[in-house]
Amino acid sequence: MTATPSGDALVGAVEAGGTKFRCALVRGEGDVLAECLIPTTAPGETLARVVEFFVEAQQRFGAARAFGIGTFGPVDLDPQSPGFGRLLMTPKPGWVGTDIRRALIERFERPVAIDTDVNVAALAEAERGAGRGLRSLAYVTVGTGIGGGVIFDGRLRYGAMHPEMGHIVVRRDPRDREFAGVCPFHGDCLEGLASGPAIQARWGGPLAALDDHGEALDIIAGYLAQLIVSIALLTACERIVIGGGVMTDGALLPRIRAAASRVINGYLPVARRDATLEGYLVPPALGERSGIMGAALLARRMG
Ligand code: ZN
């Protein structure tokens, strides 16, 4: 069992992204004492700069009791595995096999917790954001990739590894038959059809920049709605949070809700109580802070 550190304890939080690393030294319930952004370059260089930030921040504010990392993936999260904490088949050049925890462990000799960026964001939203007061929550992000995490009773759920729900098979929109999809593993899985790179490859720019905005929005909303319906049917979670770069187009969320509601067709109680799904499918309450706040919560659980 892990103990929760006393209220004012310091923890280190790292949100490890494919384009940048966000690091923060956090006190208590989320008081950020120092924070920085580091571009994601080669693993050795990037992780050295992460360590450098924490050396300086701890000199100013005091030592962190533990560290939490929310990383891009996929990543080995099995504590029994010899590869625990190492990145798996990430398309990010040079990062496959990188042990994301090791530099912090070797330098500071404190516990270092790790999970995916999506899972830590789910944790933060469950405890501090859109999931407060609920027993269950799913979090979906739609950006460079598509990922999702599910929390029940404060615990992230996974088996041999974290879920990879962005790669589910989806039914093709009849207006979108020509596009092969961009997933290097599956072609036209959900991520291959509806991620930021898929939108870019198909239409040459983000949704908001397109002339034929309406149809493209409907096509993407229809695909993302299939993930939302699948999560609702598979997990019966009480609410789903959806965020990420693609979702910053505000026109998308209402269309996903409408498409999901049409597919559910009144079958689930949640859709009968809330036909527009406005209370069921929501944006992140913590906005862009959910990742770094979740990494801090993960660290606090280490004691
Ligand atoms: Zn795929």
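Please refer to the structure higher up on the page.
Numbering of residues starts from 1 in each chain and follows the order in which that chain's sequence is written. At least 70 in pLDDT is required for a residue's local features to be given in this predicted model, at least 80 for side-chain atom pairs to be given and counted, and no such filter applies to totals for whole chains, interfaces and linings, which use all residues. The side-chain values count all of the structure's non-hydrogen atoms but skip hydrogen atoms and water molecules.

Caption draft 1: Layout of the pattern of salt bridges. In what follows, salt bridge is the name for a side-chain nitrogen of Lys or Arg lying within 4 Å of a carboxyl oxygen of Asp or Glu. Within the structure shown, the criterion is met by 13 salt bridges. Here Arg172 and Asp188 are joined by a salt bridge, their closest N and O atoms 2.7 Å apart. Of this pair, Arg172 sits in the loop between β8 (155–156) and α4 (190–194) while Asp188 sits in the loop between β8 and α4; the two residues are 16 residues apart in sequence, bridging distant segments of the chain. The partly exposed category is assigned to Asp188, whose relative accessible area is 32%. Secondary structure elements are defined from DSSP: runs of H or I of at least 4 residues count as helices, runs of E of at least 2 residues count as strands, and each element is numbered from the N terminus. For every residue, the accessible area obtained with a 1.4 Å probe (protein chains only) is divided by the maximum for its type, and the residue is called buried under 20%, exposed over 50%, and partly exposed between those limits.

Caption draft 2: Just the packing of helix α3 (residues 117–128) against helix α9 (residues 290–300), in detail. Put simply, α3 and α9 touch, their axes get as near as 7 Å, and they point 85° apart. Taken as axis vectors, α3 and α9 run roughly perpendicular relative to one another. For the pair α3 and α9, the contacting residues are Val120, Ala121, Leu123, Ala124, Glu125, Glu127 and Arg128 in the first and Ser290, Gly291, Met293, Gly294, Ala295, Leu297 and Leu298 in the second. Asp, Glu, Lys and Arg are counted as charged, while Ala, Val, Leu, Ile, Met, Phe, Trp, Tyr, Cys and Pro are counted as nonpolar; the rest, among them Gly, fall into the polar class. Partitioning the contact of α3 with α9 into residue classes produces 8 nonpolar, 3 polar and 3 charged. Axis definition: a line fitted to C-alpha atoms, over the contacting stretch in the case of helices. Angles run 0 to 180 degrees between N-to-C directions. Angles below 35 degrees are treated as roughly parallel, those above 145 as roughly antiparallel, those between 65 and 115 as roughly perpendicular, and all remaining angles as oblique. Residue contacts follow a heavy-atom distance rule, with two residues in contact if any of their heavy atoms lie within 4.5 Å.

Caption draft 3: Quick peek at a nonpolar patch on the surface. Taken together, Leu88, Met89, Met161 and Phe185 make up a surface patch of nonpolar side chains, about 380 Å² in accessible area. Relative to the helices and strands, Leu88 resides in the loop between β4 (66–71) and α2 (102–108). The patches described consist of residues with a relative accessible area above 30% and no salt bridge, like charges being joined within 9 Å and nonpolar side chains (Val, Leu, Ile, Met, Phe, Trp, Tyr) within 5 Å. Computed with a 1.4 Å probe, the accessible areas rest on the Shrake-Rupley method; for each residue, only the protein chains presented here act as cover.

Caption draft 4: Representation of the pairing of strand β1 (residues 10–16) within the structure. Of all the 7 residues making up β1, 6 are buried; the element is thus mostly covered by neighbouring parts of the structure. When DSSP finds at least two bridges between two strands, those strands are taken to pair. Where β1 and strand β2 (residues 20–27) come together, 7 bridges link them in antiparallel fashion. Opposite Glu15, over in β2, you have Arg22 as the bridge partner. Turn length for the β1-β2 hairpin, with the two strands adjacent in sequence and antiparallel, is 3 residues. The pairing of β1 with β4 spans 6 bridges and is classified as parallel. Counted as the bridge partner of Val11 is Ala66 from β4.

Caption draft 5: Summary view of the environment of Val170. Considering the arrangement of structural elements, one finds Val170 in the loop between β8 and α4. When the C-alpha positions of Val170 and Gly97 are compared, they lie 30 Å apart, and in sequence the two are 73 residues distant.

Caption draft 6: Seen up close, the nonpolar core. Counting 45 residues, the largest nonpolar core has Leu207, Leu224, Ile240, Ile242, Leu252 and Ile256 as its most contacted members. Of all elements in the fold, only β6 (136–142), β7 (146–152), α4, α5 (196–203), α6 (213–235), β9 (240–243), α7 (252–264) and α8 (269–273) reach the threshold of two or more residues within this core. Here this core gets 13 residues from one element, more than from any other, and that element is α6. Throughout, nonpolar core names a set of buried Ala, Val, Leu, Ile, Met, Phe, Trp, Tyr and Cys residues whose side chains join them through atoms within 4.5 Å. Listed in part, the 31 residues of the second largest apolar core include Ala16, Phe54, Trp95 and Ile100.

Caption draft 7: A look at the coordination of the zinc ion. Coordination partners: N, O, S within 2.8 Å of the metal, 3.2 Å for Na, K and Ca; water not considered, so apparent gaps in a site are possible. Those donors, His167 (ND1), Cys183 (SG), His186 (ND1) and Cys189 (SG), are the protein atoms that reach the zinc ion, and they lie 2.0 to 2.4 Å from it. Here a site with four donors is tetrahedral if all angles are between 85 and 135 degrees, and a site with four or six donors is square planar or octahedral if opposite donors are over 155 degrees apart and the other angles are between 65 and 115; anything else gets the irregular label. Every donor counted, the 4 donor atoms about the zinc ion form angles of 100 to 123° at the centre, which fits tetrahedral coordination.

Caption draft 8: Fine view of the sheet that holds strand β5 (residues 112–116). Read from one edge of the open sheet, 5 strands run β3-β2-β1-β4-β5, paired in mixed fashion. The open sheet has two edge strands with one neighbour each: β3 (31–39) and β5. With direction set aside, neighbouring strand axes in the sheet form an average angle of 15°. Examined bridge by bridge, β4 and β5 share 5 bridges and lie parallel to one another.

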